[in-house]
Amino acid sequence: MKIPLMITCKEATRILSDQLDKPISLGRKILLKIHVFMCEGCSYFGKQIKGLKEVFARKSDEPLLTKKVEILLSEEKKKSFHEIIMKELS
Amino acid sequence: MNNPRKKTSEVKLAPEQWVEKYGNYLYHFALGRLRNTTDAQNAVQETFLAAIKARSSYSGKSTERTWLIGILKHKIIDHFRKTYREKPVSALNFEDQDTDQFFDKSDHLRNSPQQWHITPEKLLENKEFWSAFALCKEKLPDLACAAFTLKEIEQIDTKEICNTLKISASNFWVLMHRARLQLRECLEKNFFGRDKS
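Reference entry: report on the structure contained in this document. Treat the numbers as computed from the prediction; the structure is a model and nothing was measured. (Residues numbered from 1 in each chain as written. Chains lettered and ligands numbered in written order. Predicted model: local features only at pLDDT ≥ 70, side-chain atom pairs only at ≥ 80, totals over all residues. Heavy atoms only, no water.)

1. Let's talk about the overall build of chain A
Along its length, chain A carries four helices and zero strands. If you list the helices and strands of chain A from N to C, you get α-α-α-α. Put simply, chain A has 90 residues, and 40% of those count as buried. Partitioning the contacts of chain A with sequence separation of at least 6, the portion at a separation of at least 24 is 59%. (Helix = DSSP H or I, 4+ residues; strand = E, 2+ residues; numbered from the N terminus. Buried < 20%, exposed > 50% of the residue type's maximum accessible area, 1.4 Å probe, protein only. Contact = heavy atoms within 4.5 Å.)

Below, the structure is given as structure tokens:
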């Protein structure tokens, strides 16, 4: 017999995802709270996607860092851009 | 003693120096948002062109670099709009919406999240994290990646994202769910869960 208060992790993670970007209904909120109370995995999931969201938001106006130091335009490409700019200026 | 504030009319742009001063920075920025080097280079080129055309509108209120980044951000959205213009989505591909793969037979998350012992603050300047993120982002299906990038990184309004990608709001929530499930799992595998002793 299916107990209507129990949602799956699939449903819970969906609600956790949705609530980062929009208000959710009271009904969904309650179902989520019950699930998260009993499911450690989903509890971590919720915290983690929220934490990640905060990190990404802080990088909105910056390049994302990388270990690769070679994120460089080739000299050829730079020259090409420069020529385009100078041409457009004249 | 501070100099009196420069009048905005005195603040000039120096386009001859743009490539040298900002070329790599803009390219680096674009690479974080777009899929490949070609797209990123095109976005930078279009930014320079648009900036020249709009140079009379530069008020000096922001720095030259900030102003250029603002234009680049628009070019990035334009790129997505162009990519998805011809293909309005009537229903998502299986790949974009499938989330079954992340759950096991008893409907639990198959790789049950572990606790992450690091604060968001510490992640900001962590090169390993961002490298892992780049790797993980690359594995996302195209549309899910686009939705995620525009929402979480570029902070674009949901409605505008739907218009840009030609998707419904309901598509959008499915894509975000998929993106978050996959990214979180991948990041745990490649960064957070490593070196556990």
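Anyway, onward from the coordinates.
2. Examining the interface of chain B and chain A
Chain B puts 62 residues into the contact, and the matching count from chain A is 45 residues. Between R58 of chain A and E121 of chain B there is a salt bridge; the shortest N-O distance is 3.0 Å. Among the secondary structure elements, those contributing two or more residues to the side of chain B that touches chain A are α1 (18–33), α2 (37–53), α3 (64–85), α5 (120–123), α6 (127–138), α7 (142–153) and α9 (169–192) of chain B. Of the residues belonging to the side of chain B that touches chain A, the class tally is 30 nonpolar, 14 polar and 18 charged. (Salt bridge = Lys/Arg side-chain N within 4 Å of Asp/Glu carboxyl O. Nonpolar A, V, L, I, M, F, W, Y, C, P; charged D, E, K, R; others polar.)

3. Some words on the side chain of H177 of chain B
Secondary-structure assignment places H177 of chain B in helix α9. When its relative accessible area of 5% is taken as the criterion, H177 of chain B is described as buried. Reaching out from H177 of chain B, the side chain makes a polar contact with the backbone nitrogen of R14 of chain A at a distance of 3.1 Å. Contact partners of H177 of chain B, with chain neighbours within four places excluded, come to K10, T13, R14 and S17 of chain A together with T99 of chain B. (Polar contact = N/O pair within 3.5 Å; in protein donor to acceptor, adjacent residues only side chain to side chain.)

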